[in-house]
Structure formats: C-alpha cells, structure tokens
Amino acid sequence: MLIPVTILTSFIVFFIINLAPGDVVAQLTGGDATPEEVAEIRADLGLDQPIIVRYLKYLSGLVRGDLGKSYLNGRSVFDAYMEKLPATLKLALASIFVSIIISIPLGISSAVHHGSIRDNVGMVAALLGLSMPNFWLGLLLIIAFSLNLGWLPSGGAEGFKSIILPAITVGTGLTAMLTRTTRSSMLDVIRQDYLRMARAKGVPEKVVIRKHALRNALIPVITVIGTQLGSCLGGAILTETVFAWPGVGRLILDAVNSRDIPMVTGCIILKTITISIILLIVDLLYAVVDPRIRAQYAKGGK
C-alpha cells in the first residue's frame, strides 16, 4: 500500500499548497520586481503552466526518486530533509522514552487497582496530559525551568540539556493515549483463566503481572508506540517552533510560510514513507511478542 498512499499524498498536498493564498515569486523578489521579471521567474519555475501539468511533471520525477528542488534556494528536497531528520529522530526517541517510562507503569497500576483511587488518579492524570496543548505546556516549562530557575536552555539543540524540555513537552502529550491503551489492554488480560491458574500454582503476583499479563497485553501498546513514533518522526511542528528545535517540523512550517511547493510536498511524502515503514516494523514486532502470530507467519510461509 506504500506506493498508492504516497501517490495519493503527493496529489492532495500538491493541490492544497497550490490553492493556498500567496505567491512564491513575491517571496523571491520581495515585491520589487517588474511584471516582466515576475513573468520570467514564473516561467523558469514552471508556474505559468496549468496545475495539472505541473503535478504530472512532479509525479514523473517522483517515480524516479526525484523529490524536486526548493524554489527559494535550489537545494534538493531530499538533502534538506535528511539534514533535519537526525534532530527530529533524537527528539522523537527521547519523547517516546518519556512516554513509556510514565505511561506503562501508570497503565499497569491503574489496571491492577481497577476502580480504586489509584486508578482514578491515573486516569485523571492521563486526561490532563491529553488536554494540555503542546505549545502551552512548552511555554510553561520554559518559564519555570529556563527563565525562573535557569536550569535548562529555552531553545536550540546544543547538548543533552537542550532536549529535556522538548522531550517532556511531546512525551506528556503521548503519555495520555499510551496510558489508556495499556490500562485497557491489561484489563482484558488480567481476567483470563491462565492467570488465575498461575496464581493458583503459587506464582508471585509481580511475576504474573510482569511476565504473563504484560507480555500478552503488548500488541495494542506496541501499535500505539509505533504510531506515535512515526508521527514524531514526521516532525512535532508546534514543539519544534516553541523550542527553536532544528527539525523536520520547522522545515515544513518554513516551507509552508514561503509557499515552497516542492519542499512542502517532498517533506510530507518522506514523512508518509517514514510512517509507513514504522507501521510495517510494528506489524513484524507482533510476531516477536505473540507466538500465535509467529506461527501464522510460519504457516503462511509454508
């Protein structure tokens, strides 16, 4: 499905960005060019052609692996994306780490103590994380830990300290969904007969929960983690803007503001491909955590 999804994405993004108000030629000339100069620039960029013709030319390059070049500086879209990807990858992995270390223990605790005060507190905390906009939380963290306390930098990507606040900002938003998924999946598993049998055999409760229940509850959790990782790798635009993080999100935002059509389209296509690959890896991980799925793969291979 990767090929048709990529083509459909390119079609939607290309037409939407072309229908948006504004003119890239005005960005290039600053509005001071003569009508003749504007017409010449538009002809050089191919903007004087019908939109469907321009899209077909873009699609022709796309199927050959050519994502085009920026209107503003002539740089390859692929090179610009790959330059920003490492910073986004660092932020994505750090955010997922923050989300996992908070949400999985919280979800397990809520499921084990279902209906108790601990469960209610955990769900309220998850809803708070889901309700807080990333940019608002990011600004609060900057005010508290950068301006008032001076412990952490307010922006940039210099050193380990600079990633802490952005990772907490993105990770907190991811925590809510992952906590609720972990809790729901664990509630389905801990009521199963084989866990009652394990307890009847004298297996300690901690072992029952960690080794037997959690392992069998991991598939929905892995799905959410994989989806969140793919989304983060596409760029957390608001967070990267608030913290001046030099990632893919800011690259896309700058390209949208300048109506750099090849840059916007190419970056979103690469984001689509990245998410698709992550979801493929998630599907393969199902066989790692669930022997039944692994057996189905093996049977299909025969």
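Residues numbered from 1 in each chain as written. Predicted model: local features only at pLDDT ≥ 70, side-chain atom pairs only at ≥ 80, totals over all residues. Heavy atoms only, no water.

Draft legend 1. Summary view of the overall build of the chain. Helix and strand counts for the chain come out as 15 helices and zero strands. Across the 302 residues of the chain, 42% fall into the buried class. The long-range fraction of contacts in the chain, counting pairs at least 24 apart against all pairs at least 6 apart in sequence, stands at 74%. Total accessible area computed for the chain in this model is approximately 16400 Å², and 66% of it derives from carbon and sulfur atoms. (Helix = DSSP H or I, 4+ residues; strand = E, 2+ residues; numbered from the N terminus. Buried < 20%, exposed > 50% of the residue type's maximum accessible area, 1.4 Å probe, protein only. Contact = heavy atoms within 4.5 Å. Areas by Shrake-Rupley, 256 points an atom, 1.4 Å probe, with all protein chains shown as cover.)

Draft legend 2. Looking closely at the packing of helix H7 (residues 134-148) against helix H8 (residues 161-189). Running from amino to carboxyl end, H7 crosses H8 at an angle of 145 degrees, the nearest separation of the two axes being 9 Å. As for the relative orientation of H7 and H8, their crossing is right-handed in sense. The segment H7 lies against H8, with Asn 134, Leu 137, Gly 138, Leu 141, Ile 142, Phe 145 and Ser 146 engaging Leu 165, Ile 168, Thr 169, Val 170, Thr 172 and Gly 173. Considering only residue class, the contact of H7 with H8 consists of seven nonpolar, six polar and no charged. (Axes fitted to C-alpha atoms, helices over the stretch in contact; angles between N-to-C directions. Left-handed = near helix turned anticlockwise from the far one by under 90°. Nonpolar A, V, L, I, M, F, W, Y, C, P; charged D, E, K, R; others polar.)

Draft legend 3. Examining the environment of Ile 219 more closely. For Ile 219, the position within the fold is in helix H11 (residues 218-233). The sequence separation of Ile 219 and Ser 185 amounts to 34 residues, and the corresponding C-alpha distance is 8.6 Å.

Draft legend 4. Spotlight on the packing of aromatic side chains. Applying the stated criterion across every chain, the model contains seven aromatic pairs. For the ring pair Phe 11 and Tyr 55, a centre distance of 5.5 Å and an interplane angle of 85 degrees mean the geometry is edge-to-face. Residue Phe 11 is located in helix H1 (residues 2-19), and its partner Tyr 55 is located in helix H4 (residues 51-63); the two are separated by 44 residues in the primary sequence. On the basis of relative accessible area, Phe 11 is assigned to the partly exposed category, the value being 37%. For Tyr 55, a relative accessible area of 4% corresponds to the buried category. Residues Phe 14 and Phe 15 carry aromatic rings whose centres are separated by 6.3 Å and whose planes lie at 70 degrees to one another, so their mutual orientation is edge-to-face. Since its relative accessible area comes to 5%, Phe 14 is described here as buried. When its relative accessible area of 18% is taken as the criterion, Phe 15 is described as buried. (Phe/Tyr/Trp six-rings, centres within 6.5 Å; stacked < 30°, edge-to-face > 60°.)

Draft legend 5. Structural detail: the environment of Ala 80. Locating Ala 80 in the fold gives a position in helix H5 (residues 77-112). Exposure remark for Ala 80: the relative accessible area of 6% places this residue in the buried category. Between the C-alpha atoms of Ala 80 and Leu 251, which are 171 residues apart in sequence, the distance is 8.3 Å. If sequence neighbours within four positions are ignored, Ala 80 has contacts with Arg 75, Leu 251 and Met 263.

Draft legend 6. Fine view of a nonpolar patch on the surface. Side chains of Phe 135, Trp 136, Leu 139, Leu 140, Ile 143, Leu 147 and Leu 238 sit close together on the surface and give an oily, nonpolar patch of about 680 Å² of accessible area. Mapped onto the elements of the fold, Phe 135 is located in helix H7. Residue Phe 135 is classed as partly exposed on the basis of its relative accessible area, which comes to 40%. (Patch = residues over 30% accessible without salt bridge, like charges linked within 9 Å, V, L, I, M, F, W, Y side chains within 5 Å. Salt bridge = Lys/Arg side-chain N within 4 Å of Asp/Glu carboxyl O.)

Draft legend 7. Inspection of the packing of H5 against H8 at higher detail. Where H5 contacts H8, the two axes come as close as 6 Å, and the packing angle between them is 35 degrees. Note on packing geometry: the crossing formed by H5 with H8 is right-handed.

Draft legend 8. Region of the structure containing the pattern of salt bridges. Applying the stated rule across the entire model yields one salt bridge. Measuring nitrogen to oxygen at the nearest pair gives 2.3 Å for the salt bridge that ties Arg 75 to Glu 83. In this structure Glu 83 comes out as partly exposed when scored by relative accessible area, which is 45%.

Draft legend 9. Molecular detail of the nonpolar core. Ranked by size, the top nonpolar core spans 27 residues in total, and within it Ile 108, Met 186, Ile 190 and Leu 229 carry the most contacts. Elements that contribute at least two residues to this core include exactly H5, H8, helix H10 (205-216), H11 and helix H14 (261-289). The greatest single-element share of this core, amounting to seven residues, is contributed by H11. Look past the residues within four positions of Met 186 in its chain and what remains in contact with it is Ile 108, Ala 111, Ile 209, Ala 213, Leu 214 and Ala 217. Membership of the second largest hydrophobic core comes to 26 residues, among which are Leu 59, Val 77, Val 264 and Ile 269. (Core = buried A, V, L, I, M, F, W, Y, C linked by side-chain atoms within 4.5 Å.)

Draft legend 10. Structural detail: unusual backbone geometry. In this model, Ala 244 sits at a positive phi of 50 degrees, which is unusual for a non-glycine residue. For Ala 244, the location among the structural elements is in the loop between helix H12 (237-242) and helix H13 (248-257).

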